[in-house]
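Structure at a glance
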4 protein chains.
Amino acid sequence: VTDRPRVRDLGIEIGRLSVGRHNAITDVAGVRVGHTTLVSGEGPLRPGEGPVRTGVTVILPHDGNLFRQKVVGAVHTINGFGKVCGFEEIRELGVIETPIALTNTLNVYRVADALAQAAVRQSPEIGVRTSSVNAVVGETNDGYLNDLQGRHVRQEHVWTALEAASGGPVAEGAVGAGTGTSCFGWKGGIGTASRVWSEGFTVGVLVQTNFGRPENLRVDGVPVGRRISRPEDVHRPAAGESVMVVLATDAPLTSRQLRRLCVRAAAGLARVGSDFGHGSGDFVIAFTTAHRIPHRSLALTTQRAALADEGRAMFWLLPAVAECVEEGVLNSLFRAETVVGRDGHTRHALPAEQVAALVKLDTDSRG
Amino acid sequence: VTDRPRVRDLGIEIGRLSVGRHNAITDVAGVRVGHTTLVSGEGPLRPGEGPVRTGVTVILPHDGNLFRQKVVGAVHTINGFGKVCGFEEIRELGVIETPIALTNTLNVYRVADALAQAAVRQSPEIGVRTSSVNAVVGETNDGYLNDLQGRHVRQEHVWTALEAASGGPVAEGAVGAGTGTSCFGWKGGIGTASRVWSEGFTVGVLVQTNFGRPENLRVDGVPVGRRISRPEDVHRPAAGESVMVVLATDAPLTSRQLRRLCVRAAAGLARVGSDFGHGSGDFVIAFTTAHRIPHRSLALTTQRAALADEGRAMFWLLPAVAECVEEGVLNSLFRAETVVGRDGHTRHALPAEQVAALVKLDTDSRG
Amino acid sequence: VTDRPRVRDLGIEIGRLSVGRHNAITDVAGVRVGHTTLVSGEGPLRPGEGPVRTGVTVILPHDGNLFRQKVVGAVHTINGFGKVCGFEEIRELGVIETPIALTNTLNVYRVADALAQAAVRQSPEIGVRTSSVNAVVGETNDGYLNDLQGRHVRQEHVWTALEAASGGPVAEGAVGAGTGTSCFGWKGGIGTASRVWSEGFTVGVLVQTNFGRPENLRVDGVPVGRRISRPEDVHRPAAGESVMVVLATDAPLTSRQLRRLCVRAAAGLARVGSDFGHGSGDFVIAFTTAHRIPHRSLALTTQRAALADEGRAMFWLLPAVAECVEEGVLNSLFRAETVVGRDGHTRHALPAEQVAALVKLDTDSRG
Amino acid sequence: VTDRPRVRDLGIEIGRLSVGRHNAITDVAGVRVGHTTLVSGEGPLRPGEGPVRTGVTVILPHDGNLFRQKVVGAVHTINGFGKVCGFEEIRELGVIETPIALTNTLNVYRVADALAQAAVRQSPEIGVRTSSVNAVVGETNDGYLNDLQGRHVRQEHVWTALEAASGGPVAEGAVGAGTGTSCFGWKGGIGTASRVWSEGFTVGVLVQTNFGRPENLRVDGVPVGRRISRPEDVHRPAAGESVMVVLATDAPLTSRQLRRLCVRAAAGLARVGSDFGHGSGDFVIAFTTAHRIPHRSLALTTQRAALADEGRAMFWLLPAVAECVEEGVLNSLFRAETVVGRDGHTRHALPAEQVAALVKLDTDSRG
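Residues numbered from 1 in each chain as written. Chains lettered and ligands numbered in written order. Predicted model: local features only at pLDDT ≥ 70, side-chain atom pairs only at ≥ 80, totals over all residues. Heavy atoms only, no water.

1. A few points about the confidence of the model for chain A
- Per-residue confidence for chain A gives a mean pLDDT of 94, with 96% of residues at or over 70.
- For this predicted complex, the interface confidence reaches an ipTM of 0.96, while the overall pTM sits at 0.97. (pLDDT = per-residue confidence, 0-100.)

2. Looking at the pattern of salt bridges
- For the structure on display, the rule yields 96 salt bridges over all chains.
- A salt bridge links Arg218(D) to Asp220(A), with the nearest nitrogen and oxygen atoms 3.9 Å apart. Taken together, the positions of Arg218(D) in the loop between strand 10 (202-210) and helix 4 (224-227) and Asp220(A) in the loop between strand 10 (202-210) and helix 4 (224-227) put the pair across two chains.
- The exposure class assigned to Arg218(D) is buried, which follows from its relative accessible area of 9%.
- The exposure class of Asp220(A) is buried, given its relative accessible area of 6%.
- Here Glu327(D) makes a salt bridge to Arg8(D), at a shortest N to O gap of 2.7 Å. Here Glu327(D), found in helix 6 (residues 312-335), pairs with Arg8(D), found in the segment before strand 1 (32-40); they are 319 residues apart in sequence, far enough to count as distant.
- Residue classification places Glu327(D) among the buried positions, given a relative accessible area of 0%.
- Among the ionic contacts, a cluster of salt bridges with common partners joins Arg8(A), Arg195(A), Glu323(A) and Glu327(A). (Salt bridge = Lys/Arg side-chain N within 4 Å of Asp/Glu carboxyl O. Helix = DSSP H or I, 4+ residues; strand = E, 2+ residues; numbered from the N terminus. Buried < 20%, exposed > 50% of the residue type's maximum accessible area, 1.4 Å probe, protein only.)

3. Focus on the sheet that holds strand 10 of chain A
All names here are of chain A.
- With mixed pairing, 6 strands are arranged side by side in an open sheet as 4-3-12-11-10-9. What marks the edges here is a single partner per strand, and that holds for strand 4 (95-96) and strand 9 (190-196).
- Of the pairings in the sheet, the one linking strand 10 to strand 11 (residues 242-249) comprises 8 bridges and is antiparallel in character. Each residue of the ladder has a partner; that of Asn210, found in strand 11, is Ser242.
- Each of strand 3 (69-80), strand 11 and strand 12 (281-294) is contacted by helix 5 (residues 255-272), which is oriented at about 40° to strand 3, the strand it contacts most. (Pairing = 2+ DSSP bridges. Contact = heavy atoms within 4.5 Å. Axes fitted to C-alpha atoms, helices over the stretch in contact; angles between N-to-C directions.)

4. Remarks on the packing of aromatic side chains
All names here are of chain D.
- Per the stated rule, a full pass over the model turns up 16 aromatic pairs over all chains.
- Plain terms: the ring middles of Phe87 and Phe283 are 5.6 Å apart, the flat faces sit at 85° to each other, and that makes the pair edge-to-face. Taken as a pair, Phe87 in helix 1 (residues 87-93) and Phe283 in strand 12 (residues 281-294) lie far apart in primary sequence, 196 residues in all. The two residues Phe87 and Phe283 agree in class, both being buried.
- Seen in terms of ring centroids, Trp197 and Trp316 are 5.8 Å apart; in terms of plane orientation they differ by 15°. Their pairing is stacked. (Phe/Tyr/Trp six-rings, centres within 6.5 Å; stacked < 30°, edge-to-face > 60°.)

5. Looking at the relation of the copies chain D and chain C
- Note on the copies: chain D fits chain C at an RMSD of 0.0 Å, the axial shift is 0.0 Å, and the rotation between them is 180°. Considering both components of the superposition, the chain copies are consistent with a two-fold axis. Rotation axis and chain D: the residue whose C-alpha lies nearest the axis is Tyr109(D), separated from it by 2.4 Å.
- When the interface residues of chain D are mapped onto chain C, 100% of them again lie at the interface, so the same face is used by both copies. (Least-squares fit on C-alpha atoms with pLDDT ≥ 70 in both.)

6. Structural notes on the relation of the copies chain A and chain B
- The transform that puts chain A on chain B rotates by 180° and translates by 0.0 Å along the axis, for an RMSD of 0.0 Å.
- Of the residues that chain A buries at the interface, 100% are likewise interface residues in chain B, meaning the two copies contact each other through the same surface.

7. Remarks on the interface of chain D and chain C
- With 47 residues of chain D in contact, the opposing surface of chain C contributes 47 residues.
- Across the chain D to chain C interface the summed buried area is about 3,700 Å²; carbon plus sulfur atoms make up 52%.
- Linking chain D with chain C are 8 salt bridges, by the criterion used here.
- We note a salt bridge from Arg110(D) to Asp113(C), for which the minimum N-O separation is 3.0 Å.
- Taken together, chain D and chain C are joined by 28 residue pairs in polar contact (both at pLDDT 80 or more).
- Listed by contribution, the elements that provide at least two residues to the side of chain D that touches chain C are strand 3 (69-80), helix 1 and helix 2 (108-122) of chain D.
- At 7 residues, helix 2 of chain D tops the list of elements feeding residues into the side of chain D that touches chain C.
- Tallied by class, the residues present in the side of chain D that touches chain C amount to 22 nonpolar, 15 polar and 10 charged. (Buried area = accessible area lost by both parts, 1.4 Å probe. Polar contact = N/O pair within 3.5 Å; in protein donor to acceptor, adjacent residues only side chain to side chain. Nonpolar A, V, L, I, M, F, W, Y, C, P; charged D, E, K, R; others polar.)

8. Re the interface of chain A and chain B
- Counting residues at the interface gives 47 residues for chain A, matched by 47 residues for chain B.
- For the pair chain A and chain B, the two sides together bury roughly 3,700 Å², of which 52% comes from carbon and sulfur.
- Among the residues of chain A in contact with chain B, Glu88(A), Tyr109(A) and Gln149(A) are the three that bury the most area, contributing 19% of the side total.
- Remark: the boundary between chain A and chain B carries 28 residue pairs in polar contact (both at pLDDT 80 or more).
- Elements represented by at least two residues in the side of chain A that touches chain B include exactly strand 3, helix 1 (87-93) and helix 2 (108-122) of chain A.
- Residue composition of the side of chain A that touches chain B, grouped by class: 22 nonpolar, 15 polar and 10 charged.

Next up, the structure:
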């Protein structure tokens, strides 16, 4: 989609832990990502019609039937100004039973409906011989570039993303749910990163970035936002600045432990310059691929791998999450191309080379 | 809709507090309720087509523009096995900005989308000059009688309910979101009740009942469920037994205080025989009509009435909620007519006269 | 201590599930209970001196070293008007590492200090080679009968209770932490109950009761409180009406699942007449004896038994909790002798035979 | 106590908002701070005896009777590995009714008992004519330097701190509850900072720092921890790395809004290099001086100033908290002198001039 470099390609290494093969959420074995990107029209906003700069991104924890083989999951709300779906049941039962979809704020209900319908198609017993299905959807507000009222992501777009989902490298920047989002006044979007532990676990993150003021941007601690020129077309919405974080791991965590990982996403966000603004919907959704929880179980109990909170694994996992989130956000910025949207609103691509030079200069001066 | 008596018409008085004029949520001034009831087809289930035994019920806190003039609100999850929409933002901001809609579990996303679209129609600035809108939807699972997969409640049905909403007496039983639900093995549905305080406040409740095992039903403490014959067509789904509770008051509470009221709904539910079953989505949504919170505010601060937790009002409000919920659930049972649905599944009307006689006998024997 | 009958001895069977051998929390294998009861002085209150009507009750999950071999635990707050200690860390880590102590409200800190000191004595590495210890203490307010300001429960009283703890039958009524508490205007105190499942699990409950208005008392659903004469010496404090519930099980639950059990305590409380009053500290603490979690673990992961939420065990466990709590509260009432305390304040023993006759009459009339 | 400079004295300006007169929590009018510092003995640890390197710090929201005139308050747990007291009741009722005390982890119960006794002395009706009192205490683990088992902070030390509390400049570094704590491998302790808004509100923060790995320290974004030599005596406890944050403001917030402020403390912590480690008890306690809530209220309702979440005040308040926390932590480091404790364990003072030079060099190179 883009040939812009990732932050690490420019010599900026976030944190101290080892990265995975693709430095992506897909480094957690079995996890797949799919995007549908919707771009059409230009010129003045015609509410309900266009221009369209939006999309949907789906994350699939495994390639089986998620309703019948659920994954252990958790959610965490840093700032709850948002319209996420599915959180109550994940808190209660500690499982996720659909793919996780990200989209724009007014589209969240249509995308949830599409996920539910996809589940019904795959598991026709839903609503017939068994109960309902809990769709998990997150969102940010891409209304600066996109016609929000049109709710342009329809069922077929969600299904296309599900079918297109794959492992390996993940398209980043202005793609899928990140097509119309903004980050620190620049074009943001989708970013991803991963960390692998020599003793055996992997953590991966995918973010949809739509938050931050230009002056607050920090890259590897360097307050770049104060040094570079502000993007020309900065318009700062009073609300709708948000970020969705999706965490995946193969460590055998409980939902309580996964929630502990979620909390560390806030550290990664703060390090790039967020203070979780009033109007920001900052949500984290996590899952582990270590267990498969059948929808119905005949056995009273099963044996399941468990990981001690006190053991050294948590001392690796928690910082790994913070690093992945920090790098994932930066990748969403470094990789995103300029997008012109409704009313000529423009989100410029971050001047990646200039930023990298500033960070490098800074590093050299310290050395 | 029905001429079946309410529980109080049969001489059974729940609790000790005074009831409002209509003994309904609409006794809280300005609150309106609207239903759309969908009944069509019969015979075998054709997934996605019918038979249809479902609907939608909407509760409007006031007759103005809710997006521009929000109400203070709160939510509470007793058992989170459910697909409610809108909870995270109510927790964060303490306000409700759309009508509250109740429907069936697979229809929740379509109904939320319809609420969002209704808000956009009324407030065209949404998504154009300001942020998104947070739709509030609750649900229970009416799949024993209804074709769930069809998601038969469409935008026009929601809008019809919104337009039809009115104060005064509220239709109860197998109506609106209660068309296809079950309660203690009998036909349940919508119920309502209210309490008024001589010193000036009103509390009203509306419930959508879909929970309970036949043997556990208690009416005014009398374990009726053990004494009457079980309904003939009892089928007990392993999950999907749920209840939605909507609370309204005119007392000037904060969202924290409203949440304290929500917690007392559990007492009312337990007294009729619930133990908040594993598969039950038991959720409470509350609002007060005492304040209107503008979407944007120029003044830094305003003066607002506040009510002391320690004052005697809370000593009236908390029990009032428990009483309203207990009576509201019973009204949903006493008022519901028998419904035959998919595959000939039948939920019989509670034998109200027989039950009342048992309760009366019990009371007399104690006297 | 008392020869007053338990509620079941009088022919009143709460619920439908089978009771354990002792119908006590100690039916969960390995669980022990100890009391220290403090009664001294009479006449007018001399704040800080007496009269003394208080005590401490301790529950030990197993007979090993709890700091080194923790149990999985959970907590739940129904109404947070209380001074419990230790909740934050149990929420975070899902383990309990000291005995659980119950006492009076102003004594909670001294009792926590005594627990911490007992842990240090048993595990001298605390604070030297390893971290701190999280004492778990609950409380209710026995100030109607007792000199609260004196904080009369000292370290030696806690240690005595720990040393005296045993399995088997549990002393109930005006004993230990229940020495000075009140329930529905009568003398309350300590109560316990248990349920056993034919397929293999046990649930046990111990309560410290200090809540309820006389007119609200219900015994097996019968509104006894409206029928019997009010206790002569009723004084209703505006606050300080509380209840502590301790749950034990041997089912291999996670802390999330244990918390689900805790929530069902509210159903038991509501059935005897609670609506979780404003001034009531209504807290639940739960643990399972199924796992032992070492303070330090060398292995990255271990295998641990896990129980499916969707399996039939949860359908037994959740109602079992509600039943145990209902019966435990009633046992605390039926077993407590009259106590005269400060300023001649009197809490009369419940007229158990009269109450039982009313319940029996009621049952017969229905039959 | 120390003549070491604060971070701002060395030309490092954290953030972009204006600081208050003393750049301290006491810039919120009426707020007072008191310390008792306990230093005695040296040489090998004699558990229960010494050496002693600990203390207590108290924060008083106003100079009246806090039990009778409570302040609106909130709490927030970032990572709950800690033994704080008083959180449940603050969550439920949204008020704080004692001074807030900070101390070491094993001393928390004794300090809470001392606060309760101080309240009783000031309000002799507690436990006699009215209910109990909810002591609020936070802690971190100073066991690397201090004899934890001795629990050396006694009632008189708490009372001395209460009596000594004053407005104006606040002693920082190795003082009070910060006497024995560590931060990023250096000597940490107490730090404070404030921000004032031209339109009228003030935010102040006081922290007790005991967290962080040497290599993670960042000063104004500059990764100083990677550049300076590690402190010579680094020993990294596996647990017990914690931070307490106390927030004060005069903005008329509700407890819900105060909690929103608390959440932003995490941003400040992350910016200096925290990722909220597994063993860290990271807690935030906040209050506003804008309201006084009487213990008993005769009026049903009162008028109270309220601040809109959507208004521009929240857009100042939230970043102000993050800035104050970041600067407060740095002040705790910059101001602390070297302390030698038990077993000769040493926490060195941060080489402040060297660090400042690195930050300045970094800043210049960017310019």
